[in-house]
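What follows is the residue order along each chain.
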Amino acid sequence: MNELVLVAKIGRSVGLKGYVKLHNLSDFPSQFQKNLSFFTKDKKELIIKDYDKSRHSVLFYEYESLERAKELVNLELYQSVEKTRELCKLKKDEFFYFDIIGCKIKDMQRNLGEVKDILQSGGAYLFEVKSDESLINQGLAKIFFIPYIDKYVLKIDVKEKQILCSNEAFLILENS
């Protein structure tokens, strides 16, 4: 099976007909539609029978009773990278998390490291960067954070898996 990305977590059962709360972990609620398939961690396929946007609840085929729905509580839902690209349309200068993670971080002079995670802090995002080994060997921090704002991030090239940053990013590392 192709690579999967985490998109939601199933919460408690709601009512008697088999609906469960759906906690969307993505930026794309539009991907939750009737007859679309998702997968659990153990690759079990779940197909949406109905989705109630206003209540953030979902009903899956073969789980149309309270007893069956309880089997789904706390499961995580995954979607394939390919299906995610197909269903979730990005605007200009928007990127999927899975395209950013693993990108090399560079400034004008050196490799700074690699993006390991993306954290949301208030309304902003931070790239968690594992520092380049050569910089760690110089006594700099193993991990540092770069705010995803124009002052620090100049260009993102997901095809080349590189992010060009201003020299200000190195200053963050030095002061970490």
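Rules used in this analysis
Residues numbered from 1 in each chain as written. Predicted model: local features only at pLDDT ≥ 70, side-chain atom pairs only at ≥ 80, totals over all residues. Heavy atoms only, no water. UniProt positions renumbered as here; feature names shortened; annotations may be inferred. Phe/Tyr/Trp six-rings, centres within 6.5 Å; stacked < 30°, edge-to-face > 60°. Buried < 20%, exposed > 50% of the residue type's maximum accessible area, 1.4 Å probe, protein only. Helix = DSSP H or I, 4+ residues; strand = E, 2+ residues; numbered from the N terminus. Pairing = 2+ DSSP bridges. Salt bridge = Lys/Arg side-chain N within 4 Å of Asp/Glu carboxyl O. Core = buried A, V, L, I, M, F, W, Y, C linked by side-chain atoms within 4.5 Å. Contact = heavy atoms within 4.5 Å. Disulfide = S-S within 2.5 Å. Axes fitted to C-alpha atoms, helices over the stretch in contact; angles between N-to-C directions.

- The chain carries the name Ribosome maturation factor RimM in an unreviewed UniProt entry, which gives Campylobacter helveticus as its organism.
- Entered under Sequence similarities (unreviewed entry) in the UniProt record, the comment concerning the chain runs "Belongs to the RimM family."

## Side note on the packing of aromatic side chains
So, point 1. Applying the stated criterion across every chain yields a total of six aromatic pairs.
So, point 2. Here F32 and F38 contribute two aromatic rings whose centre-to-centre distance is 5.3 Å and whose plane-to-plane angle is 25°, an arrangement assigned as stacked. There is no split in this pair, since F32 and F38 are both buried.
So, point 3. Their ring planes at 45° and their centres at 5.9 Å tell us that F32 and Y51 sit as a pair that is tilted. With a gap of 19 residues between them, F32 in the loop between β2 (19-24) and β3 (37-39) and Y51 in strand β4 (residues 45-52) connect regions that are remote in the sequence.

## Comments concerning the pairing of strand β6 (residues 76-80)
So, point 1. Counting buried residues along β6, four of its five residues qualify, which places the element largely inside the surrounding structure.
So, point 2. Summarising the sheet, strand β1 (residues 4-14) and β6 pair through five bridges and their orientation is antiparallel. Paired with L6 across the strands is Y78, a residue of β6.

## Let's talk about the pattern of salt bridges
So, point 1. With the rule as written, the count across this model stands at eleven salt bridges.
So, point 2. In this structure, E71 and R68 form a salt bridge, with 3.1 Å as the shortest nitrogen-oxygen distance.
So, point 3. Owing to a relative accessible area of 31%, R68 belongs among the partly exposed residues under this scheme.
So, point 4. K130 is the partner of E133 in a salt bridge, and the nearest nitrogen-oxygen pair spans 3.2 Å.

## Examining the nonpolar core
So, point 1. Ranked by size, the top nonpolar core spans 23 residues in total, and within it I10, L22, F32, F60 and L77 carry the most contacts.
So, point 2. Those elements that place two or more of their residues in this core are β1, β2, β4, β5 (57-60) and α2 (81-87).
So, point 3. When residues of this core are assigned to their parent elements, the largest contribution, four residues, is made by β1.
So, point 4. Once residues within four sequence positions are removed from consideration, I10 is found in contact with V20, K21, L22, H23, L46, F60, L72, V73, N74, L75 and L77.

## A word on the state of the cysteines
So, point 1. Under the definition given, this model contains zero disulfides.
So, point 2. There is no disulfide at C88, and the cysteine sulfur nearest it, in C103, is 19 Å away.
So, point 3. Of all cysteine sulfurs in the structure, the one in C165 sits closest to C103, which takes part in no disulfide; the separation is 10 Å.

## Let's talk about the environment of K161
So, point 1. Inspection of the secondary structure puts K161 in the loop between β11 (153-157) and β12 (162-165).
So, point 2. Separated by 14 residues in the primary sequence, K161 and N175 place their C-alpha atoms 26 Å from one another.
So, point 3. Beyond its immediate stretch of four places on either side in the chain, K161 contacts F98, D99, I101, G102, C103 and K104.

## Notes on the sheet that holds strand β9 (residues 124-131)
So, point 1. Judged by pairing direction, the sheet is mixed, and its six strands sit side by side in the order β10-β9-β8-β7-β12-β11 without closing on themselves. Of all the strands in the sheet, the pair left with one neighbour each is β10 (143-147) and β11. Taking each pair of neighbouring strands and ignoring which way they run, the sheet shows an average axis angle of 35°.
So, point 2. Across eight bridges, the pairing between strand β8 (residues 111-121) and β9 is antiparallel. Within the sheet, the bridge partner assigned to G113 lies in β9 and is S131.

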